[in-house]
Amino acid sequence: MEKREAISKFALKRPESVGVYGYGSGVFKQSNTEGSKPLTDVIFIVPDIRKWHLENMQMNSGDYSIIGRIHLSRKNIAKLKGKNHITYFSEIRDGEYTFKYGVIEVEDFKRGLNTWDNIFTAGRFHKPVMEISSRDDIREAIDYNKDCALMIACLFCDSNTTKEEIYRKLCGLSYMGDARMAIAENPHKVENIVEGSFDKLSDMYPLDEDYILECTDDKVVISHDKLLSRLYELPERLLEFLEDMGTDFNDLDLVRINIHEYLISRNKVESKAQIMQGVKTNGIIRSIPYAFAKVKKRFSK
């Protein structure tokens with residue numbers, strides 16, 4: 001079965017969402033994954049996360065562990081969502097595929113991508129995603145999030161660089177400081193994403209912005225002066241952090257250092273929070289094979 005069709009059928013068996021997206025190595029081929037069967041990752045964007053889960057418990061009770069049922073039924077809305085505003089469930093079998101899916105409220109999704117007050121979900125949308133269903137306000141948030149990620153990736157590159165290097169910087173933004181990278185993720189993950197999805201990244205990021213002065217197959221020339229003049233376009237929470245740090249927006253090195261610090265600090269806190277949230281919603285029994293698969297990937301090339 002073609003992957004888009006498989007995700008669509010999986011989504012139709014669950015409560016209605018305003019946006020459904022597939023992503024990750026189970027949707028888009030990455031290099032050095034031959035012979036493996038990665039989970040098919042899906043994000044459901046919904047109007048009301050508690051209502052969605054209560055309906056889904058009736059429709060698909062097998063999605064939930066006992067711990068997950070208790071957590072989703074009894075916790076207040078803030079604790080239910082967790083720090084990253086998203087609930088994840090893994091090891092969900094459907095036909096020939098095994099899914100991992102996240103559920104996030106539409107307002108949390110848009111705020112996260114538009115302001116970067118939380119970049120856990122925003123980082124997933126820096127990389128290729130497969131739209132199954134959506135609406136215009138969601139697409140607008142995704143486009144803005146991508147524009148900002150590209151600006152920052154280009155800030156981190158030398159003025160004379162390559163497409164590959166820009167895409168490596170871009171795909172690596174969401175892994176800076178990620179606690180899971182130290183113990184359970186393939187250290188070559190970014191390179192594998194870029195190598196396996198180079199054409200899709202090229203479609204997402206054609207590199208035709210005004211701060212890119214030249215773009216050929218062999219060379220990309222970036223104007224950091226133009227980039228610095230457009231820093232005001234970056235997400236609200238990142239700009240607040242830069243201002244709080246007393247950043248001189250004309251000092252490229254200082255801008256790089258402080259953006260790097262913001263990404264590391266956010267990713268570190270958010271990744272640790274997601275590890276704990278995953279156990280609460282997914283249960284220990286289901287969390288173990290997922291964690292084992294991640295560790296196994298770490299030791300693969």
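These numbers were taken from a predicted model, which means no experiment stands behind them.

Caption draft 1: Structural view of the pattern of salt bridges. Under the definition given, this model contains 25 salt bridges. Put simply, arginine 237 and glutamate 240 hold a salt bridge, and the shortest N to O gap is 3.4 Å. Residue arginine 237 and its partner glutamate 240 are both found in helix α12 (residues 236–244); the two are separated by three residues, about one turn of the helix. With relative accessibility at 31%, the residue arginine 237 sits in the partly exposed group.

Caption draft 2: Structural view of the nonpolar core. Counting 60 residues, the largest nonpolar core has Ile259 and Leu263 as its most contacted members. When residues of this core are assigned to their parent elements, the largest contribution, 12 residues, is made by helix α7 (residues 136–156). The residues touching leucine 263, leaving out its near neighbours within four places in the chain, are Trp116, Ile119, Ile152, Phe156, Leu173 and Met176. Judged by nonpolar contacts, the second largest core, of 23 residues, contains Val27, Phe28, Trp52 and Met57.

Caption draft 3: Just the packing of aromatic side chains, in detail. Under the counting rule described, the total for this entry stands at 15 aromatic pairs. On the numbers, 6.0 Å between centres and 65 degrees between planes, the contact of tryptophan 52 with tyrosine 101 is edge-to-face. Pair noted here: tryptophan 52 is in helix α2 (residues 49–59) and tyrosine 101 is in strand β4 (residues 97–105), with a separation of 49 residues, a long-range link. Residue tryptophan 52 is classed as buried on the basis of its relative accessible area, which comes to 3%. Taking the relative accessible area as the measure of exposure, tyrosine 101 reaches 0% and is therefore buried.

Caption draft 4: Local environment of the confidence of the model for the protein. Mean pLDDT over the protein works out to 87, with 85% of the residues at or above the 70 mark. For the stretch residues 290–299, pLDDT sits under 50, and the model shows 19 contacts to residues farther than four places along the chain or on other chains.

The rules behind these values
- Residues numbered from 1 in each chain as written.
- Predicted model: local features only at pLDDT ≥ 70, side-chain atom pairs only at ≥ 80, totals over all residues.
- Heavy atoms only, no water.
- Salt bridge = Lys/Arg side-chain N within 4 Å of Asp/Glu carboxyl O.
- Helix = DSSP H or I, 4+ residues; strand = E, 2+ residues; numbered from the N terminus.
- Buried < 20%, exposed > 50% of the residue type's maximum accessible area, 1.4 Å probe, protein only.
- Core = buried A, V, L, I, M, F, W, Y, C linked by side-chain atoms within 4.5 Å.
- Contact = heavy atoms within 4.5 Å.
- Phe/Tyr/Trp six-rings, centres within 6.5 Å; stacked < 30°, edge-to-face > 60°.
- pLDDT = per-residue confidence, 0-100.

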